[in-house]
Amino acid sequence: MHVEQAINGFYTARSNYSKRELDVTFLAKSLGGPKLLYALCCSHGLPAYRTITTHRTVPRLTPSGSVPTADEISSNIASFFCQEQRPQLPRCGHLLLIDGVAVDERGCYVRETNEVVGFCREHSVGVDRLVIGMATVEYLADLIYEGDLHFGSEASVVAIAAHREDNYQAIPLVVSTKCGTGTGEDCASWLGTVITAWQSNEYGEKYNGPIWSVASDGEASLRNSRFRLCMDREVKKSSSLGLKLSRLSGMNLHTGPGDVTMTTDYKHTFKHTCARWVSGLDWCLQSPSTVSLSCGVAWDAGE
Ligand SMILES: [Zn+2]
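Treat the numbers as computed from the prediction; the structure is a model and nothing was measured. Residue positions are given per chain, counted from 1 along the sequence in the order it is written. Only residues with pLDDT of 70 or above have their local features reported here, since the model is predicted, and side-chain atom pairs are shown and tallied only from 80 upward, although totals for entire chains, interfaces and linings are computed over all residues. Hydrogens and water molecules were not included; the side-chain quantities draw on all heavy atoms of the structure.

Q: Before we move on, can you summarise the coordination of the zinc ion with the specific residues and values?
A: Each metal site is built from N, O and S donor atoms within 2.8 Å (3.2 Å for Na, K and Ca), and since water is not included, such sites may look incomplete. The zinc ion binds to the protein through Cys 120 (SG), His 123 (ND1), His 150 (ND1) and Cys 179 (SG), with metal-donor distances spanning 2.1 to 2.3 Å. Donor angles set the geometry label: tetrahedral for four donors if every angle is between 85 and 135 degrees, square planar for four and octahedral for six if opposite donors exceed 155 degrees and the others are between 65 and 115, irregular for anything else. Here the zinc ion binds four donor atoms, and the angle range of 97 to 114 degrees at the metal identifies the geometry as tetrahedral. Between consecutive donors of the zinc ion, the numbers of intervening residues give the motif C-x2-H-x26-H-x28-C. Placement of the pair is Cys 120 in the loop between strand E3 (115–117) and helix H5 (134–146) and His 150 in the loop between H5 and strand E4 (154–162), with a sequence separation of 30 residues. What counts as a helix is a DSSP run of H or I of at least four residues, what counts as a strand is a run of E of at least two, and both are numbered from the N terminus.

Q: Could you give me a rundown of the side chain of Thr 136, with the residues and numbers involved?
A: Looking at the secondary structure, you find Thr 136 in helix H5. Contact criterion: two residues are considered in contact whenever any of their non-hydrogen atoms come within 4.5 Å of each other. In contact with Thr 136, not counting residues within four places along its chain, are Asp 128, Arg 129, Leu 130 and Val 131.

Q: So what's going on with the layout of surface pockets? Which residues, and what values?
A: Roughly 420 Å³ of volume is contained in the second largest pocket. What lines the second largest pocket is a set of 16 residues, among which Phe 26, Arg 56, Pro 59, Gln 85 and Arg 86 lie closest to the centre. For this classification, Asp, Glu, Lys and Arg are treated as charged, while Ala, Val, Leu, Ile, Met, Phe, Trp, Tyr, Cys and Pro are nonpolar and the rest, including Gly, are polar. For the lining of the second largest pocket, the residue count by class is eight nonpolar, four polar and four charged. Domain start and stop points were drawn from an automatic or database domain assignment. Counting only domains with at least three residues in the lining of the second largest pocket, you end up with domain 1 (1–58) and domain 2 (59–207). Space inside and on the surface of the protein is sampled on a 1 Å grid over the protein atoms alone, with a cavity defined as a set of points where a 1.4 Å probe fits but cannot get out and a pocket as an open set with protein on both sides within 12 Å along at least 5 of 7 lines; lining residues have an atom within 4 Å of a point. Grid points are joined across faces, edges and corners, and a volume is the space filled by probe spheres set on the points.

Q: Can you tell me about the pattern of salt bridges, naming the residues and giving the values?
A: In what follows, salt bridge is the name for a side-chain nitrogen of Lys or Arg lying within 4 Å of a carboxyl oxygen of Asp or Glu. In this structure the tally under the stated criterion is six salt bridges. For Asp 232, the salt bridge goes to Arg 233, with nearest N and O atoms at 3.0 Å. Relative accessibility thresholds used throughout: buried, under 20% of the residue-type maximum; exposed, over 50%; partly exposed, between the two (1.4 Å probe, protein chains only). When its relative accessible area of 37% is taken as the criterion, Arg 233 is described as partly exposed.

Q: Kindly report on the environment of Val 235, identifying the contributing residues and their values.
A: Relative to the helices and strands, Val 235 resides in the loop between strand E7 (233–234) and helix H9 (240–245). The buried category is assigned to Val 235, whose relative accessible area is 8%. The spacing of Val 235 and Ser 74 is 161 residues in sequence and 28 Å in space, taken between C-alpha atoms. Setting aside residues no more than four positions away along its own chain, Val 235 makes contact with Leu 241, Gly 242, Leu 253, Thr 255 and Asp 259.

Q: Account for helix H4 (residues 70–81), with residues named and values stated.
A: Helix span is expected to be 1.5 Å times the residue number reduced by one. Along its 12 residues, H4 runs 16 Å from first to last C-alpha, staying within 8% of the 16 Å computed at 1.5 Å per residue. On its buried face, H4 is in contact with E4, strand E5 (171–178), helix H6 (184–200) and helix H7 (205–208).

Q: Can you tell me about empty space enclosed by the protein, naming the residues and giving the values?
A: The probe, sized like a water molecule, is rolled over the atoms to show the empty space still left. For the structure shown, the criterion picks out one cavity of 30 Å³ or more. In this structure, the largest cavity spans a volume of roughly 50 Å³. Lining the largest cavity we find Phe 81, Arg 86, His 94, Ile 160, Ala 161, Ala 162, Arg 164, Asn 167, Tyr 168, Gln 169, Ile 171 and Asn 208. In terms of residue class, the lining of the largest cavity is made up of six nonpolar, four polar and two charged.

Q: Could you give an account of the environment of Leu 37, naming the residues involved and the relevant values?
A: Along the chain, Leu 37 falls in helix H2 (residues 19–44). For the pair Leu 37 and Arg 86, spaced 49 residues apart in sequence, the C-alpha to C-alpha distance is 25 Å. If sequence neighbours within four positions are ignored, Leu 37 has contacts with Thr 25, Ala 28, Lys 29, Pro 47 and Tyr 49.

Q: Go over the nonpolar core with me, naming the residues and quoting the values.
A: In this description, a nonpolar core means a group of buried Ala, Val, Leu, Ile, Met, Phe, Trp, Tyr and Cys residues linked to one another through side-chain atoms lying within 4.5 Å. Core analysis: the largest hydrophobic core is formed by 27 residues, its most contacted members being Ile 77, Phe 81, Leu 96, Val 158, Leu 173 and Val 194. If you list the elements that add at least two residues to this core, you get H4, strand E1 (94–102), E4, E5, H6, strand E6 (211–216) and helix H8 (220–230). By residue number, the principal contributor to this core is H6, which donates seven residues. The residues touching Val 158, leaving out its near neighbours within four places in the chain, are Leu 96, Leu 97, Ile 98, Ile 171, Pro 172, Leu 173, Val 174, Trp 190, Leu 191 and Val 194. With six residues, the next largest nonpolar core counts Val 116, Val 127, Leu 140 and Leu 143 among its residues.

Q: Can you explain the sheet that holds E1? Please cite residues and give values.
A: Here a strand pair is declared whenever DSSP counts at least two bridges between the two strands. Ordered by their spatial adjacency, five strands build an open sheet running E5-E4-E1-E6-E9, and the pairing between neighbours is mixed. A single partner strand is all that each edge strand has here, and the edge strands are E5 and strand E9 (261–264). Neighbouring strand axes in the sheet, compared pairwise and without regard to direction, differ in orientation by 25 degrees on average. The pairing of E1 with E6 spans five bridges and is parallel. For Leu 97, the partnering residue across the bridge sits in E6 and is Ala 215. In this description, a line fitted to the C-alpha atoms serves as the axis of each element, helices being fitted only across the stretch in contact, and the angle between N-to-C directions of two axes falls anywhere from 0 to 180 degrees.

Q: Give me the lowdown on unusual backbone geometry, citing residues and values where you can.
A: The backbone of Asn 167 shows a phi angle near 55 degrees, a positive value even though the residue is not glycine. Within the element layout of this structure, Asn 167 appears in the loop between E4 and E5. Take Asn 167: its relative accessible area is 36%, and that puts it in the partly exposed class. Of note in the backbone geometry, Asp 259 takes a positive phi value of approximately 60 degrees without being a glycine.

So, in structure tokens, the structure goes:
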């Protein structure tokens, strides 16, 4: 096509793209995908995505094929938080955010690591996913057909966001698929690995600041893991923080590693309270001799 355009005098080779054009191309590919970028290349003369990769290093999120490991998490921290990607900002506290996103239930080959991902982390521990030939693919297919391994139906995404007035966008650290049979204990274990990786990585706590809180929605295993992870020790009363807090009567002094506390989006607290209230009302209507309060307290109406 370019030869025909050159013969007809319509083709102009370009190499001196401006920073704005490179930025727009990057956004078009990230937000709209390759088809949008191709349309903009034809209509507005934007560079191809391959041109972007020769001008800048695009941060890459390594998906976890099984339970997230310290190496995978550290690789993602270095990819997104290295000096090339982010100029150093004043250190501050950070919030670790956890939520789930629906994914297609299928496997995916990752060229960089030469392995298949997309299986549930609950049943893929110890499963050899390194592709060395058709035997590997057939072995994984057999496990799927026999029900010993599953494709993940949802991906847990862990992101980190800074407590500051600007540059506080959430940046992903982990994406891990699951089938939903994991327990809060399992979840707390690998979330602890995420916190440890952030604390030890040169571009983590030392470069950006510590994790102050862990936040999730009301999903049962995540809520369970937050309590396991963030209430496993008590602030020492001899420490500077303990000296101040221990004088507050009734104050919960339990925290997690590095004095990490837990929090949640309040809309999930409201949903949980409403669900309990509706549940209590339903029980009340079925049992006319009793009265139930939304806080779960019930007494006999005859008393
Ligand atoms: Zn499974």
